[in-house]
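The chain contents come next:
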Amino acid sequence: MTPFLLGLIGLALALPVPALLARARWTLRSPGAAIVLWQSLALAAILAMSGAGLATALWLVSGDHPSEWKVALHAAVLGFGVLVWARFWWSAWHSWRDTLAGRDRHRRLVDLLGEPHGLAPAVRILAEETPVAYCIPKRGDNRLVVSRGTIETLGDSSLDAVLEHERAHVRARHDLVLEGFTFLHRAFPRVLRTDAPLRQSQVMVELLADDAARRRTGDAALARAIVALAGSSTPAGALGAGSEAAVRLERIRRRDPRGDRLAALACYLISAVVLVVPTVLLAIPWMLHAWSELT
Amino acid sequence: MPNLGELERSVMNVLWDAADPLSVREVQDALGDRDLAYTTVMTVLDRLGGKDMVDRERDGRAFRYVARMTRDAATSEVLHAALDASGDRTSALLHFARTVDPSEAAALRAVLAEIEAADDSA
């Protein structure tokens with residue numbers, strides 16, 4: 001029974017729960033807590049599925065004299081589990097190395113093409129009319145890249161807001177948060193895969209960086225920067241999923257600290273529930289039971 | 001004395017502006033900085049070579065240096081990565097904002113007007 005229930009919980013946490021949660025608007029009120037929630041869901045799904053595999057393997061050999069085919073199946077299930085884990089870490093390592101190599105090359109090019117900014121050492125200005133603004137994260141050696149077009153489009157305070165937003169990304173290592181969800185997305189088998197955690201956390205880190213920028217430059221400067229850069233005309237190939245800008249502006253417009261705190265509380269509560277309940281209700285009794293059978 | 005990054009940028013610009021591969025001496029002359037030692041220029045060229053930005057070719061007993069890619073190619077590679085809207089590079093670069101279509105831009109401006117009004121009254 002335990003393997004079956006754990007598997008069911010794992011499946012639920014992998015597909016329907018993220019789909020439901022991705023549609024909820026209230027999680028946008030507390031981006032930091034929402035990221036914790038998405039991470040907890042992912043961890044809980046992995047734990048439940050691994051637990052289901054492990055429990056199945058052990059159940060197969062739980063009798064006094066398990067038949068040979070049961071022992072073989074036991075080994076196969078365990079082997080499959082090890083394989084899945086190995087594949088995950090292997091692909092995580094590779095994709096991380098690729099990301100670092102790509103960033104290094106990009107940073108080198110930006111250093112050669114971009115002009116340093118007098119006041120902020122990490123800033124590089126590209127001589128381009130197309131407005132761009134982004135950061136290249138690296139501990140101790142990051143770059144904040146903007147173009148001439150960005151500087152001409154934005155006023156001083158809005159440019160400050162943009163730079164502070166990017167600095168917040170770098171400081172809080174938002175790239176690691178996104179990288180983690182990218183690994184997960186690749187690691188899950190296609191049928192169990194949803195892009196909700198990755199998409200949602202992309203929005204959440206923007207909201208967090210926005211909060212940092214607002215604290216420094218105020219609401220209006222940041223809002224003007226978002227509208228100016230999201231509404232700028234760029235080559236058609238650069239059109240992206242833009243609904244993010246609307247979500248970000250909406251968060252600036254609606255000031256409701258009490259509601260935000262409630263949303264954060266709800267996120268943390270659900271995180272605790274998905275992590276603790278399956279463990280307490282299923283895994284621990286099952287482990288005790290297995291222990292008593294062994295001794 | 002400019003810092004090393006600054007020097008690399010100047011040297012790269014010299015190579016980008018040159019029609020042909022340049023010797024160390026020619027790079028040094030083009031930089032037009034009398035205080036800059038020959039060995040310093042050579043070091044910078046070697047560093048750029050280590051970064052895959054410069055190729056060197058043998059010319060008699062010395063080397064001549066050439067930019068591995070043109071300035072335009074380098075610029076377009078950077079812009080391409082910077083403007084890439086696909087989700088694949090999301091964690092490599094963190095963008096400030098993606099562009100939206102005109103109707104959505106109008107909606108954004110309406111919300112902005114509200115935010116600015118609230119800011120003024122506060």
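About the cut-offs
Residues numbered from 1 in each chain as written. Chains lettered and ligands numbered in written order. Predicted model: local features only at pLDDT ≥ 70, side-chain atom pairs only at ≥ 80, totals over all residues. Helix = DSSP H or I, 4+ residues; strand = E, 2+ residues; numbered from the N terminus. Contact = placed C-beta atoms within 7 Å. Buried ≥ 20, exposed ≤ 12 C-beta atoms within 10 Å, placed from the backbone. Pairing = 2+ DSSP bridges. Axes fitted to C-alpha atoms, helices over the stretch in contact; angles between N-to-C directions. Nonpolar A, V, L, I, M, F, W, Y, C, P; charged D, E, K, R; others polar. pLDDT = per-residue confidence, 0-100. Core = buried A, V, L, I, M, F, W, Y, C linked by C-beta atoms within 7 Å. Parallel < 35°, antiparallel > 145°, perpendicular 65-115°, else oblique. Left-handed = near helix turned anticlockwise from the far one by under 90°. Expected span 1.5 Å × (residues − 1).

1. Quick word on the overall build of chain A
Argument step 1. A tally of regular secondary structure across chain A gives eleven helices and four strands.
Argument step 2. Here the C-alpha coordinates of chain A stretch approximately 80 × 45 × 35 Å along the principal axes.
Argument step 3. Considering only contacts in chain A between residues 6 or more positions apart, those separated by 24 or more positions represent 67%.

2. Here's the deal with the overall build of chain B
Argument step 1. Each helix and strand counted, chain B has five helices and three strands in total.
Argument step 2. Relative to its 122 residues, chain B shows a buried fraction of 30%.
Argument step 3. Within chain B, contacts between residues separated by at least 24 positions form 41% of all contacts whose residues are at least 6 apart in sequence.

3. Notes on the sheet that holds strand β4 (residues 143–147) of chain A
Argument step 1. As summarised here, the arrangement of the five strands in space is β1(A)-β2(A)-β4(A)-β3(A)-β3(B), forming an open sheet in which the pairing is mixed. Looking at strand neighbours, the two that pair on one side only are β1 (115–116) of chain A together with β3 (94–95) of chain B, the edges of this open sheet.
Argument step 2. Its contacts with the sheet place helix α4 (residues 68–113) of chain A against β2 (123–126), β3 (133–136) and β4 of chain A, and it is angled at close to 120 degrees to β3(A).
Argument step 3. Contacts from helix α6 (residues 156–171) of chain A reach β2, β3 and β4 of chain A together with β3 of chain B within the one sheet, and its direction differs from that of β3(A) by about 25 degrees.

4. Description of the interface of chain A and chain B
Argument step 1. The interface of chain A with chain B comprises 54 residues on the first partner and 38 residues on the second.
Argument step 2. Of all the elements in the fold, those that place two or more residues in the side of chain A that touches chain B are α4, β3, α6, α7 (174–187), α9 (219–230) and α10 (243–253) of chain A.
Argument step 3. In terms of residue count, the dominant contributor to the side of chain A that touches chain B is α4(A) (ten residues).
Argument step 4. Along the lines of polarity and charge, the residues of the side of chain A that touches chain B split into 26 nonpolar, 16 polar and twelve charged.
Argument step 5. When β3(A) meets β3(B), the two strands line up antiparallel, connected through two bridges. Counted as the bridge partner of A:Y134 is B:H95 from β3(B).

5. Let's talk about the confidence of the model for chain B
Residues and elements named next belong to chain B.
Argument step 1. Predicted confidence across chain B gives a mean pLDDT of 85, with 89% of residues reaching 70 or more.
Argument step 2. Within the model, pLDDT remains below 50 along residues 86–90, and this stretch shows four contacts once partners closer than five positions in the same chain are excluded.
Argument step 3. As a predicted assembly, this complex carries a pTM of 0.86 together with an ipTM value of 0.84.

6. Thoughts on the nonpolar core
Argument step 1. Core analysis: the biggest nonpolar cluster contains 97 residues, and A:Y134, A:A223, A:A225, A:I226, B:V11 and B:L45 have the highest contact counts within it.
Argument step 2. No other element matches the 13 residues that helix α3 (residues 31–60) of chain A contributes to this core.

7. Observations concerning the packing of α9(A) against helix α5 (residues 102–121) of chain B
Argument step 1. For the pair α9(A) and α5(B), the least separation of the axes is 9 Å and the interaxial angle reads 165 degrees. When the interaxial angle is binned, α9(A) and α5(B) end up roughly antiparallel. For α9(A) against α5(B), the interelement crossing comes out left-handed. In contact with A:D219, A:A220, A:A223, A:R224, A:V227 and A:A230 of α9(A), α5(B) contributes B:A105, B:L108, B:R109, B:L112, B:I115, B:E116 and B:D119.
Argument step 2. Split by residue class, the contact of α9(A) with α5(B) holds eight nonpolar, no polar and five charged.

8. Overview of α4(A)
Argument step 1. When the terminal C-alpha atoms of α4(A) are compared, their 67 Å separation across 46 residues agrees well with the 68 Å that a helix rising 1.5 Å per residue should span.
Argument step 2. Burial in α4(A) covers these residues: A:V77, A:R103, A:H106, A:L109, A:V110, A:L112 and A:L113.
Argument step 3. Contacts from the buried residues of α4(A) go to α3, β2, β3 and β4 of chain A together with α1 (4–17) and α4 (71–83) of chain B.

9. Description of the pairing of β3(A)
Residues and elements named next belong to chain A.
Argument step 1. Burial along β3 is two-sided: A133 and C135 facing one way and Y134 and I136 facing the other are all buried.
Argument step 2. As judged from the four bridges shared by β3 and β4, these two strands associate in the antiparallel manner. Note that in β4 the partner of Y134 across the bridge is V145.
Argument step 3. Between β3 and β4, which pair antiparallel and follow one another directly, the connecting turn spans six residues, one of which, G140, has a positive phi of 80 degrees.

10. Digging into the pairing of β2(A)
Residue and element names in this part refer to chain A.
Argument step 1. As paired elements, β1 and β2 share two bridges and run antiparallel to each other. Note that in β2 the partner of E115 across the bridge is I125.
Argument step 2. Counting the residues in the hairpin turn of β1 and β2 gives six residues.
Argument step 3. With four bridges connecting them, β2 and β4 associate as parallel partners. Looking at the pairing, R124 lines up with V145 of β4.

11. Notes on unusual backbone geometry
Argument step 1. Despite not being glycine, A:R173 shows a phi value in the positive range, around 50 degrees.
Argument step 2. Secondary-structure assignment places A:R173 in the loop between α6 and α7.
Argument step 3. The phi dihedral of B:D52 falls on the positive side, at around 65 degrees, and the residue is not glycine.
Argument step 4. For B:D52, the location among the structural elements is in the loop between α3 (38–50) and β1 (54–59).

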